[in-house]
Amino acid sequence: VAALLLLGKGGGKGKGGTTAAGGDTSVDVGDLLAHAGGVGPAARTKVRELIGAFDLDPNRVLDLLVDTLESEVAALLLLGKGNGRGKGGTDVDVGDLLAHAPTHATPVRILLGIVADLKRDSLPHLLGFKYANYAANTAGTAGGAAGAAGGAGGGAIGPTPPTLHLTTALLILHGLVDPAQLVRHLAPTVDELQSRYEDYRDAYGKKIKKMGTVSLNAAAAVATSTSANEEKKDDGGATATAATSATTSAAALADASAAEIDNNQIVGLFHALVEAGAPWDVATSVFAGPAAADDGGFDGAEAVASLHEPTGRAICSWVKRSIAPAYDDRVGGIGQDLMRPSPSGAASTKDRASEDGGRYSLLPSSVSAQTILSASASLEDLSTILGTPLLTIIASGAIRLDPTLYCMLCRLIKTLVPEGEIDETTYSLLRTFLVPCMSLFPSNPSISMELWSVLVKLPYQIRYGLYGSSRLAGLEKGAMRTTPRTKTLPVIESEVQTGIEIRYSLKRLSKDNIKETGRQLSKISHSNPLVVFTTILNQIESYDNLIQLMVDTFVHVTELGLDVLGYCLLVALGGGDSKGGRSKLKEDGVNAAQWLSSLESFAGAFYKKFPSVEMHGLLAYLVRRLEQGEILELGVFRTLLTTAGSYGFADCDSTAGLSDTQLDGRAGSQLLKRETSDFGIVEKFNRKASLKLRSVLQDSDVGAVILVLLSQIRYRILYHVDKSTPKHIKLLGSRYDSCQMVLSVLTDFLTDTTEEQGPSTGPGPIKCYASAMPELSELHQSFGLEPAVSWMLCRPLIRAAMFEQEEGKEDVPEHLVPYLPHTDSMKATSSAMLPEACWQHLSQDLFEMFYSHSLYDIHCPETRYKTEIVRLDKDKERLNQLKKGGDAARGMMASMAAAAAAAGGTEREIRQATAFTKEHEKDLERLTRHSGLLSTHMKRQKKHCGEVHKTFESKKASFLSGLKDEDVQKLTAETFLTYCVYPRCRLTPEDALYCAEFVVLLHNMEVPGFFTLKYVDCLINAVVGAAYSITEDEAGNLSVLLKSTWAWIKNWRDDKAIFDKEVAGKPGGKMDNGEGALEEISYDDFKKLYNKWHAILGQTFLGCLESKEYIHTRAGLILLSRIVNVFPSRPVLGEKIMDALAPLKDDTNRQDLRSMALGYSSQLIKARDEGVWEEDLAAAKARREKKEKEAEERKKAAEKQFQEMQKESDAIDRQLGGSGRRDWDDRSRPAPRSGGPPGGQMKSPLNPVAAKFTPAGGGQPRDLRGDNGRDSRSSRGEPPRRGGPGDRRELEGRWERGGGGGGGGGGRDMRKRSRSPDRDMGRREDDAKRMRPQPPPPRGRGGPDFEVLAHRVAVDEEIEEIETTGHPLIEIAVDRGRRGKT
């Protein structure tokens, strides 16, 4: 080196001969070293000459060369610190220093070249001697006293310096030292390292198992220690010192453990190799000892990274340097343009190393080729090069030390992951590293977002597979019990800690702190969403009142968390179990389990709030379950349609519960259905969620698949018999009805084209539905669906084609051509649906016309439209008044304030309730818009119905043309009912009402050959058999048809004029005369026929009510409840039905049947009183007289009992005496409440028989009726008001115990017992204390007067037996309740 410097000076390498401070000419040492290519061979020759000339020991020379090389490395590290590369002088990026060392590259290369020329076999032994010397001195210093520090090896030598490790690493990288030969000289050995790591894992596992547990013994020990400290405080703090010593000892042991790892030479050498950027197989070769050979399960790199945090950081830096080129090329510097530009000449080491082409690198060129990921590398290359290091840093938890590395990996992998499917290598990388690593970064939403940017490119099947692999490995402490354990301990610890935090927060969750706690829950979910949402769903399964609270808190959850929540919901429903999961029924085997009902509600609320969350997985699971013939999870899909799809107006829990208003609304437009479904309460419509659900159902024809499966599974439910597990008939009927209801709602949802759904991108709903749904003939023949259901699925397309023709369009869209009515293809399809013999009694035109139309086409509920428009206009006017304010809005504001006060609102909430808010503004806009739309819809539907009626009129002659008269007379009505009316009326309430309206339309149009009375006769006979073989919803549907038909014919029965107008002389007025011929029926004969039908139905319903089969009784009650206003109309049958209801109303009967029987009984009595029954005047008069007589007897009994109570009350007053009267006359009376009559006067509602009340303590008697029609309290001062029910209970308790009240005299005793003078004196003193004036409570919260209350308490048992009407004491309470006094 000296010769090189002299050569530089002599050759003019100095810059202009400039003299340095020491007088020497300055030389550019960097340039000299960079161009000193010829110095190396000369130096190596010189060393060989010196060894030969002086007979030097080559091993000694080699030792000196290693020392010199170590000094160069030490100088390089010192230079790195001096240049500010280290953070505070303690952390130096060794890899960057070795990659660019212009001042040390040439000397190091020369030294390495000389070492290579010498005998390298002895180099491991020389290095081993150095390591052994350091190890011996370290052991002596740690094990003995300070005076014995000289130990083996002598001298106060410290631990193995990092420069020796780095020098050894350079020799290994240049191939001069074999790690396998060197490692046997290092201490401690690999066996000891493995043993220590096993102890570490055991301790770590025990720590995890104890997390979250409460040790009562530990608490007792702490309490004992605390008390001992207090008792021995005078002992000079000996106990406290002992505790401090124990803590110090623990800390000292921890420090000693850390120092032991720092002094481990294998750890140090591995750390140096990693810092130098050695290939991973080279770095891990230091662990290739006997332990690794015997036990292939020991991972030395994982052990070192777990035990030694700096090594973990070094591995992260190694990975970061490896991906740097690919990251810079594919991702670039995010935000670099926003950073302050670097000063001139301050380029990074990495940039300078890339610029000089590696001229100043101390590392061999082969190292970079094996460790650096090129810019063109693929995801498979990344997995090959970095797979093992990545597993190491997640197993040890070192990745948590460098979150920027995780973000860089996510961004790089995002650019490498292809759209759609991925290979097994990529999936393994995501499963074993990228997804589990998120758990190690608590409460970091940025990490979650980076991972989601990768996972969002994958289909939901792969994402759910990644989540599932983590779940199957066990959650929280369950992962410790799986064999083999696939989760790392740091990940398990993170999950356990997250579980503890989430359960702690859930215990404290309430409606009051939902905002704060909700944010905390979301914060906890960022790192372990699988643990958090599994716990939350478990809570929701038991407590369904948490559903809306939890859904509202999820607004703070990241997109990845919401996606995981969708997966957790699927797993909770049973999607993660091939056997379908846990039992979905209660113990009774009939009703759905509580947890399933809660999850159904949660699914609807969740997907309505967050429609962007993946739905395909949930729908795919439901489709698979339908394919298996299971529909217990169908409630989830039903809730999605009604809640997320905002289609609740089309659904109903039971068709029997639909009111007449709702039925009328279902005949109109979709908007009218919405307005009448919940009696004007319109649910908030989430257009985004509805469109999202529809798009998912349209994707891959999922909606059409579900429709076909539901149509097929209906009959499988009824006829598939499982002898091993027989099903309850109620369960079978419920499943069947559920399938039918979802089938109807889903059909309407997929084909809805109204304005409420809003504009949608892509093809319209009808076109998508037509492309997915098989044609009519295929549904019937290939899929085996019955004709009514096949027509139901295709009817939206048939009606769309008819609308196109009605609008006068010449070219019908191509997707609607197969559904054009009355075409040859449609006729061919229709003819194949029924047996050939049927067409002898029924025409194809009538068959197609019946199944092609809907209720909307033939019946316009104009009255219902107008009623809803008037209601909306009134609500609109009310809001306009509120908006304007003033006197007009005063009444409404008062009612709104009263409602808010009744709900327990604060003064601020009451004031806000009377203000015109944004919600009111939205409601006003909705009311205005809907009112106008309903008017438009009514006009449109009236016009459309008129067009349809014209079509019917034009084709009525062909409905039954071409049929033989005798066949028409005999079997046309039966055939029409069997293949048209009966199958369709059982589908939905709209279809049942359509069937009734269709028959009315045929009758009014006087269709030739259609005999209405014959049809009604067949219908009555059909009801007789159907009542014993239908489900609950089918009974509700059939009741709609029966009510409409019976009300129609009952009008003919009740009024001869109507009969003559609508029946006489019409084709429908003919009936079989009993001799095989049809002839017109007279009014008297029709009355006989009506009575016959009435008796037939009566016997049928009585049989249902008296049946021991549950479903028969329920079906009968459903039918009777619907037709109660028109049937029964004969008193004899009515009385029989009343008698049959008596057993059903008994408490021992089933609760649902009892409730229905009670409800129907009250309706039946009301109908009887309103004249539905055709009673004669004498019977009605006798019943009224009997009722009045019974009421009079009850009144006399009440008066008699009151008189007895009055006598007892007077006796009590005489017994109590007159002492201790409290004088209330000098008390000021509180101001009367507002809202009463002027002056506080109110007409007394008391009974004339009310007695006078004399206070027990004496005083003036007063009439409970008041004076001159005024309240008795108006002429006297009132006692102070008490606080309500609690005070009354206290009073009653004192009175029952014999204590005096706060009102009358001193000691009162309701019981006849002797009292000592001392006791009496004590009670008088207590009474004196209670007689002190008390401040009156707030107005409107006090109870009745004390004297009246005391009187009421004394006769409490008697009051319970007396009716409210006519009793003065109860009238007092009623009076004061009206005035707001109680």
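Quick caveat, the model's predicted, so the values are computed rather than measured.

Cut-offs and rules
- Residues numbered from 1 in each chain as written.
- Predicted model: local features only at pLDDT ≥ 70, side-chain atom pairs only at ≥ 80, totals over all residues.
- Heavy atoms only, no water.
- Helix = DSSP H or I, 4+ residues; strand = E, 2+ residues; numbered from the N terminus.
- Buried < 20%, exposed > 50% of the residue type's maximum accessible area, 1.4 Å probe, protein only.
- Contact = heavy atoms within 4.5 Å.
- Areas by Shrake-Rupley, 256 points an atom, 1.4 Å probe, with all protein chains shown as cover.
- Expected span 1.5 Å × (residues − 1).
- Arc of directions from axis to C-beta.
- Polar contact = N/O pair within 3.5 Å; in protein donor to acceptor, adjacent residues only side chain to side chain.
- Patch = residues over 30% accessible without salt bridge, like charges linked within 9 Å, V, L, I, M, F, W, Y side chains within 5 Å.
- Salt bridge = Lys/Arg side-chain N within 4 Å of Asp/Glu carboxyl O.
- Core = buried A, V, L, I, M, F, W, Y, C linked by side-chain atoms within 4.5 Å.
- Phe/Tyr/Trp six-rings, centres within 6.5 Å; stacked < 30°, edge-to-face > 60°.
- Lys NZ or Arg CZ within 6 Å of the ring centre and 35° of its normal.
- Lys, Arg positive; Asp, Glu negative; His and termini not counted.
- Charge placed at Lys NZ, Arg CZ, Asp CG, Glu CD.
- Axes fitted to C-alpha atoms, helices over the stretch in contact; angles between N-to-C directions.
- Left-handed = near helix turned anticlockwise from the far one by under 90°.
- Nonpolar A, V, L, I, M, F, W, Y, C, P; charged D, E, K, R; others polar.

## Describing the overall build of the chain
When you go through the chain residue by residue, the secondary structure sums to 62 helices and six strands. For the chain, with 1382 residues in total, the buried portion stands at 48%. The long-range share in the chain, meaning contacts at least 24 apart out of those at least 6 apart in sequence, stands at 76%. A total of about 66400 Å² of accessible surface is found on the chain, and carbon and sulfur atoms cover 52% of it.

## Observations concerning helix 26 (residues 514-525)
Here helix 26 spans 16 Å end to end across 12 residues, near enough to the 16 Å set by a 1.5 Å rise per residue. For helix 26, every residue scored as buried is listed here: Ile-514, Thr-517, Gly-518, Leu-521, Ser-522, Ile-524 and Ser-525. Angularly, the buried residues of helix 26 cover 160° about the axis, an arc narrow enough to put them on a single face. In helix 26, the exposed residues that point more than 90 degrees away from the buried face are Lys-515 and Glu-516. On its buried face, helix 26 sits against helix 25 (489-507), helix 27 (529-542) and helix 28 (547-553).

## Quick look at the side chain of Ser-396
Relative to the elements of secondary structure, Ser-396 occurs in the loop between helix 20 (379-395) and helix 21 (403-416). Only 2.8 Å separates the side chain of Ser-396 from the backbone oxygen of Thr-392, close enough to count as a polar contact. The contact partners of Ser-396, leaving out residues within four places of it in the chain, are Glu-302, Ala-305, Ser-306 and Pro-490.

## Some words on a nonpolar patch on the surface
Where nonpolar side chains cluster on the molecular surface, the patch consists of Leu-50, Phe-54 and Leu-56 and spans about 280 Å² of accessible area. Position of Leu-50 among the secondary structure elements: in helix 3 (residues 39-54). On the basis of relative accessibility, which here comes to 34%, the residue Leu-50 falls in the partly exposed class.

## A word on the nonpolar core
Ranked by size, the top nonpolar core spans 319 residues in total, and within it Phe-554, Leu-697, Phe-976 and Tyr-1015 carry the most contacts. With 11 residues, helix 29 (residues 559-573) is the largest single contributor of residues to this core. Among all residues touching Phe-976, those that are not within four sequence positions of it are Leu-842, Leu-846, Phe-850, Val-981, Phe-998, Val-999, Leu-1002, Phe-1010 and Tyr-1015. Of all hydrophobic cores here, the second largest spans 12 residues; its members include Leu-671, Cys-860, Ile-869 and Cys-945.

## A short note on the pattern of salt bridges
As enumerated under the stated definition, the model contains 46 salt bridges in all. Between Arg-871 and Glu-675 there is a salt bridge whose closest N-O contact spans 2.8 Å. Highlighted residues: Arg-871 in helix 44 (residues 862-884) and Glu-675 in helix 34 (residues 670-677), separated in sequence by 196 residues. Residue Glu-675 is classed as buried on the basis of its relative accessible area, which comes to 0%. The salt bridge involving Arg-714 is made with Glu-786; its shortest N-O contact spans 3.8 Å. Here Arg-714, found in helix 36 (residues 702-719), pairs with Glu-786, found in the loop between helix 39 (776-781) and helix 40 (787-806); they are 72 residues apart in sequence, far enough to count as distant. For Arg-714, a relative accessible area of 2% corresponds to the buried category. In the salt-bridge network here, residues are joined through shared partners; they are Glu-675, Glu-868, Arg-871, Asp-875 and Arg-926.

## Examining unusual backbone geometry
Omega for the bond connecting Ala-187 with Pro-188 falls within 30 degrees of zero, at -10°, which places this linkage in the cis form. The topology assignment puts Pro-188 in the loop between helix 9 (179-182) and helix 10 (190-210). Put simply, Thr-483 and Pro-484 share a cis peptide bond, and its omega is -5°. Tracing the sequence through the fold places Pro-484 in the loop between helix 24 (460-472) and helix 25. The phi dihedral of Glu-476 falls on the positive side, at around 55°, and the residue is not glycine. Positionally, Glu-476 belongs in the loop between helix 24 and helix 25. Phi at Ser-646 is positive, roughly 55°, even though this residue is not glycine. Turning to its location among the elements, Ser-646 is positioned in the loop between helix 32 (634-644) and helix 33 (660-665). According to the relative accessible area criterion, Ser-646 is buried, its value standing at 3%.

## Some details on the packing of aromatic side chains
According to the stated counting rule, one finds 42 aromatic pairs in the structure shown. The interplanar angle of 40° and the centroid separation of 6.2 Å between the aromatic rings of Tyr-464 and Tyr-467 together place this pair among those described as tilted. Residue Tyr-464 and its partner Tyr-467 are both found in helix 24; the two are separated by three residues, about one turn of the helix. Looking at Tyr-467, the relative accessible area reads 5%, which means it is buried. Both rings, one in Phe-1101 and one in Phe-1127, keep their centres 5.7 Å apart while their planes meet at 75°; by these two values the pair is edge-to-face. You can see Phe-1101 sitting in helix 53 (residues 1083-1106) and its partner Phe-1127 sitting in the loop between helix 54 (1110-1122) and helix 55 (1131-1144), a full 26 residues away along the chain. We note that Phe-1101, like Phe-1127, is buried. An aromatic cluster is built from Trp-791, Trp-839, Phe-847, Phe-850, Tyr-851, Phe-952, Phe-959, Phe-976, Tyr-994, Phe-998, Phe-1010 and Tyr-1015, whose rings are joined through pairwise contacts. The cationic tip of Arg-508 hangs over the ring face of Tyr-504; the distance from NZ or CZ to the ring centre is 3.7 Å.

## Things to note about the side chain of Thr-311
Looking at where Thr-311 falls in the secondary structure, it is placed in helix 17 (residues 309-330). Judged by relative accessible area, which is 0%, Thr-311 ranks as buried. Not counting residues within four places of it along the chain, the set of residues in contact with Thr-311 comprises Val-267, Phe-270, His-271 and Val-304.

## What to know about a positive patch on the surface
Together, Lys-206, Lys-209, Lys-210, Arg-481 and Arg-485 make up a positively charged patch on the protein surface. Checked against the element boundaries, Arg-485 lands in the loop between helix 24 and helix 25. With relative accessibility at 32%, the residue Arg-485 sits in the partly exposed group.

## A word on the packing of helix 42 (residues 844-852) against helix 47 (residues 918-959)
Relative placement of two packed helices is described by the angle separating their axes and the distance separating the axes. Look at helix 42 against helix 47: their axes get within 8 Å of each other, and the N-to-C directions meet at 145°. The handedness of the crossing between helix 42 and helix 47 is left-handed. When helix 42 is examined against helix 47, the residues Asp-845, Leu-846 and Met-849 are found in contact with a partner set consisting of Thr-951, Phe-952, Lys-955, Ser-958 and Phe-959. Here the contact of helix 42 with helix 47 is composed, by residue class, of four nonpolar, two polar and two charged.

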